[in-house]
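# Structural description and commentary
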Amino acid sequence: MDEAVPTNIVVTCPSCGHGTVFQMPWPFHAGYGDQGFLYNEAGDRTLIWSSFDPDYQAAVGSKPPWALTDEERQKFEDRLPPAPSGGRWLFRNPARCVRCGNPISGPITETTYYLRYDGSVDRDVARGWGPGLKGMLKPAAPAAPWRPRDVWLGVVMAAVLMGAGYALVFVLRGLHAHPNVDLWYALFPTLFELVLLVPVWWFAGRKYHAPLRALGFRKFPGSVLGIGVGLLFAFYFASGIYNLILHRFGLQAQPDIRPVFGELASPWPLIFSTVIVAPLVEETFFRGFVFNGLRSRFHWAWAAAISAALFAAAHLEIWFFLPAFALGFLFAFLYQRSNSVWPGMALHFILNSIAMIGILVLT
Ligand SMILES: [Zn+2]
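So, here's what we can say about the structure. Please read all numbers here as calculations on a predicted model, not as lab measurements.

## What about helix 5 (residues 197-208)?
Counted at 1.5 Å a residue, the expected span for helix 5 with its twelve residues is 16 Å, and the 15 Å between its end C-alpha atoms agrees. Every buried residue of helix 5 is listed here: Pro199, Val200, Phe203 and Ala204. Along helix 5, the residues classed as buried sweep out an arc of 110° about the axis, all on the same side. Where the residues of helix 5 are buried, they touch helix 3 (148-175) and helix 8 (268-294). One or two steps after helix 5, the chain reaches His209, where phi turns positive at roughly 50°.

## Here's the deal with the pairing of strand 4 (residues 35-40)
Extensive coverage of strand 4 is indicated by the burial of six of its six residues. The side-chain alternation of strand 4 yields two buried faces, one formed by Gln35, Phe37 and Tyr39 and the other by Gly36, Leu38 and Asn40. Hairpin connection, strand 4 to strand 5 (residues 46-50): the antiparallel pair is bridged by five residues, and Gly43 has positive phi, about 70°. Where strand 4 lies against strand 6 (residues 89-90), two bridges are found, and the strand directions are antiparallel. Paired with Tyr39 across the bridge in strand 6 is Leu90.

Criteria and thresholds
- Every chain's residues receive numbers from 1 upward, in the order its sequence appears when written.
- Only residues with pLDDT of at least 70 get local features here, since the model is predicted, and only at 80 or more are side-chain atom pairs given and counted; chain-wide, interface and lining totals rely on the full set of residues.
- A run of DSSP states H or I qualifies as a helix once it reaches four residues; a run of E qualifies as a strand once it reaches two. Both are numbered from the N-terminal end.
- The span you would expect from a helix comes to 1.5 Å times its residue count less one.
- Around each residue's C-beta, the other C-beta atoms within 10 Å are counted; 20 or more make the residue buried, 12 or fewer make it exposed, and counts in between make it partly exposed. All C-beta atoms are placed from the backbone.
- The arc in question is formed by the directions pointing from the helix axis toward the C-beta atoms.
- Throughout, a pair of residues is in contact if the C-beta atoms placed from their backbones lie within 7 Å.
- Whether two strands pair comes down to DSSP finding at least two bridges between them.

Printed below as a string of structure tokens:
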């Protein structure tokens, strides 16, 4: 008989019947100790901290961890480093059976009783179990210094500049019966894109001296790219169905620009404008400036929806509004997950490259 470990408890897995052993006399009740706990994604480690921890309270306020809103949860999760065995600490992760991986105890959103796995991370400074969260939390993403008011003014400025651009094109068209087609399709798309940088400079750079970091030009977790590629596949699937429906009604989402390529002396300026300039400028304006500026005041999903609607409207193609809105929301979601403009820009680059390759192959 082994009587040296009388304080272990065994939690039997409802799926495979395996008993996972925990070196604790009973499942702890987080509420009694004012503790927060999270499991990693594998569900084999526990992170424990005190809700009196000053770094916790600085991050999300003085609410107990089980009472946080979705947004507050995500804010906290984003600042946690990976678990010692890999994977993220997330509020939705349950404790899992060490043999089959099925849940054996709910996440903090479902139960305040928690299990402490071996090799766990104790940071409960109030009970003296650990050193507290200090030094563990990553620095919070800096909030955009410009306000929603600056965003609205920036959008108006962009619209006015674009309108002036269209008026100029209209006048030039009147003056030249046969405009140089290469100039037309190379210079103007690039100029129209670059116009979007003027309000960004005016309302973020000139007014608030915001560094490029504040516009999202910062490091990002590589996993976000994987999520983005997955979502891009989902987008292609949905937009394929959408295009089939449009086709049945004799419509198309975007005009066929293949004939244009036939007339161009060189396709490269148009390719450069579409593949390089558009992702760079549009992500900076719609995600780095508009979305980022709005999410400091609105829920991120509303900020994403508003920026996506503006992004879609700017394409000036009625039947492309829905796909463009979905893409705009996708790019904003990637920004929200990474606090960086780069993942959306990379996806935007891939998307436009595929579109261009498709056009060139079919021309
Ligand atoms: Zn099991």
